[in-house]
Amino acid sequence: MKHCIIVKFLPDITHKIEKSFIGQIQELFDNCKEIEGVHDVKVFSCCTNKDNRADIMIQIDMDKSALEEYDKSQWHFLWKQEYGRFIDTKTIFDYEENKPAKRK
């Protein structure tokens, strides 16, 4: 499954986002790959400068069974502790990619 964290930072932060800030978030979430069942982590930054857009999306590719361990992890806690104060809004979206139907 994919666990997506879609974040809009506070306006002051949105206008000051630098690649180093995104890199720090990527480094933090890369640690999640130590959790059994977490396969990959990607951090995407928005490619447009519109006020009604989110700033970043963190996408974690994991087994569904790894979600509980991720939720309890020190990296999830650090994300909330270190970056929570910069967040205006956050949306969490979990999905599984549709598998093509097997032909008979």
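This is a predicted model, so every value here is computed, not measured.

Rules of the game
Residues numbered from 1 in each chain as written. Predicted model: local features only at pLDDT ≥ 70, side-chain atom pairs only at ≥ 80, totals over all residues. Heavy atoms only, no water. Axes fitted to C-alpha atoms, helices over the stretch in contact; angles between N-to-C directions. Helix = DSSP H or I, 4+ residues; strand = E, 2+ residues; numbered from the N terminus. Parallel < 35°, antiparallel > 145°, perpendicular 65-115°, else oblique. Contact = heavy atoms within 4.5 Å. Nonpolar A, V, L, I, M, F, W, Y, C, P; charged D, E, K, R; others polar. Salt bridge = Lys/Arg side-chain N within 4 Å of Asp/Glu carboxyl O. Buried < 20%, exposed > 50% of the residue type's maximum accessible area, 1.4 Å probe, protein only. Pairing = 2+ DSSP bridges. Core = buried A, V, L, I, M, F, W, Y, C linked by side-chain atoms within 4.5 Å.

**Q** What is the right way to look at the packing of helix α2 (residues 19-30) against helix α4 (residues 74-83) in this model?
**A** When two helices pack together, their arrangement is given by the angle between the helix axes and the distance between those axes. Contact pair α2 / α4: the axes reach a minimum separation of 9 Å and the direction vectors enclose 155 degrees. If you check the angle between α2 and α4, you find them roughly antiparallel. Contacts between α2 and α4 pair F21, Q24, I25, L28 and F29 from the former with W75, L78, W79 and Y83 from the latter. Class assignment for the residues of the contact of α2 with α4 results in eight nonpolar, one polar and no charged.

**Q** Would you take a moment to explain the pattern of salt bridges for this structure?
**A** Two side chains with opposite charge may pair up if their charged atoms get near one another. Tallying each qualifying case throughout the model produces five salt bridges. For K33, the salt bridge is made with D30, and the minimal N-O distance between the two is 3.7 Å. Measuring nitrogen to oxygen at the nearest pair gives 3.9 Å for the salt bridge that ties E69 to K72. You can see E69 and its partner K72 sitting in helix α3 (residues 67-72), three residues apart, about one turn around the helix. By relative accessible area, K72 is classed as exposed at 58%. A cluster of three or more residues bridged by salt bridges with shared partners is formed by K2, D61 and E97.

**Q** Got a minute to help me understand the pairing of strand β1 (residues 2-9) in this structure?
**A** Two faces belong to every sheet, and in a regular strand the side chains alternate between them. Burial within β1 is extensive, with seven of its eight residues counted as buried. Judged from the six bridges that link them, β1 and strand β3 (residues 56-62) form a sheet pairing that is antiparallel. Across the sheet, H3 pairs through a bridge with I60, a residue of β3. Pairing geometry for β1 and strand β4 (residues 87-95), over eight bridges, is antiparallel. Directly across from V7, in β4, lies its bridge partner K90.

**Q** Sorry if this is basic, but what is going on with the nonpolar core here?
**A** Note on soluble globular proteins: their nonpolar side chains tend to be buried together. Membership of the largest hydrophobic core comes to 25 residues, with the highest contact counts inside it found for I25, F29, I58, Y70 and W79. Elements represented by at least two residues in this core include exactly β1, α2, β2 (38-45), β3, α3 and α4. Here this core takes five residues from α2, the largest share from any one element. In contact with W79, not counting residues within four places along its chain, are I5, V7, I25, L28, F29, I56, I58, G84 and I87.

**Q** Looking at this structure, I do not really get the sheet that holds β4. What am I missing?
**A** Hydrogen bonds between backbone groups are what pair the strands of a sheet, and the pairing can be parallel or antiparallel. Ordered by their spatial adjacency, four strands build an open sheet running β2-β3-β1-β4, and the pairing between neighbours is antiparallel. Since the sheet does not close on itself, it has two edges, and those belong to β2 and β4, each with one partner. Averaged over neighbouring strand pairs, the angle between their axes works out to 15 degrees when direction is ignored. As paired elements, β2 and β3 share seven bridges and run antiparallel to each other. Note that in β3 the partner of V38 across the bridge is M62. Seen against the sheet, α4 touches β1, β3 and β4 and runs at an angle of roughly 155 degrees to β4.

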